[in-house]
Amino acid sequence: MTTQKVKDWGKMPEVSIITLPPARWREAKKLRLEALLAEPAAFASSYEDEVAFPDDVWIARSKSAYERDGNMAFYAEADGKLVGMAGAHWSAKAKLRHVAEVYGVYVSPDQRGGGVAPRLMRRLLAELRSMAPIKKVSLMVNTEAPAAIRLYEKLGFEIVGTAHREEKVDGRYYDLHYMELHLETD
């Protein structure tokens, strides 16, 4: 007989969804690098690419997201530690400024299954809905990430296409679904 380990949800710390002041850029960097190591096929960037960034790149990223200068990011925090993130960016170009693209969705393994990702995404989508020019939200997701795909579908995203062999990680190719959510129909 085997026993299955079950999370004790009663002892899970309270999670808050926050914006991160630029002074906390080191924490954002740490979580992003953790994400790139833990889930290399989930992101277009790699740990090797981003670990080499100088501090001023991380500082500028944090400042831009906090000030909503073309992008925004929300973080999940438990017991003073960042445990999740989700961001979106958009173009200033007149023809594209109605579209926001989701990026960097990640929840630390010890927090998965507790509703952190849906809370992050709902907060992100609520903020995007409040921005007058944004009418559509798009994202790309690895076709081998069924939990992520289910989450996005529950939030109203639809698969609109699949890019085959779009990513190559450790010599293996991955397909990506393109998904979108229309915030308003014209």
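For the structure, see preceding data.
Residues numbered from 1 in each chain as written. Predicted model: local features only at pLDDT ≥ 70, side-chain atom pairs only at ≥ 80, totals over all residues. Heavy atoms only, no water.

1. Some details on the nonpolar core
Judged by nonpolar contacts, the single largest core of 33 residues is most densely connected at M121, L124, L128, V137 and F157. At the level of elements, β1 (15-18), β2 (71-78), β3 (81-90), β4 (99-107), α4 (116-129), β5 (136-142), α5 (146-154) and β7 (172-182) are the ones that each hand at least two residues to this core. No other element matches the 7 residues that α4 contributes to this core. Setting aside anything within four residues of it in sequence, one finds L124 in contact with M72, F74, A86, G87, A88 and V102. Core analysis: the next-biggest nonpolar cluster, separate from the first, contains 16 residues, W25, A73, Y75 and Y106 among them. (Core = buried A, V, L, I, M, F, W, Y, C linked by side-chain atoms within 4.5 Å. Buried < 20%, exposed > 50% of the residue type's maximum accessible area, 1.4 Å probe, protein only. Helix = DSSP H or I, 4+ residues; strand = E, 2+ residues; numbered from the N terminus. Contact = heavy atoms within 4.5 Å.)

2. Looking at a nonpolar patch on the surface
On the surface, a nonpolar cluster with roughly 240 Å² of combined accessible area is contributed by M140, V160 and Y178. Mapped onto the elements, M140 comes out in strand β5. (Patch = residues over 30% accessible without salt bridge, like charges linked within 9 Å, V, L, I, M, F, W, Y side chains within 5 Å. Areas by Shrake-Rupley, 256 points an atom, 1.4 Å probe, with all protein chains shown as cover. Salt bridge = Lys/Arg side-chain N within 4 Å of Asp/Glu carboxyl O.)

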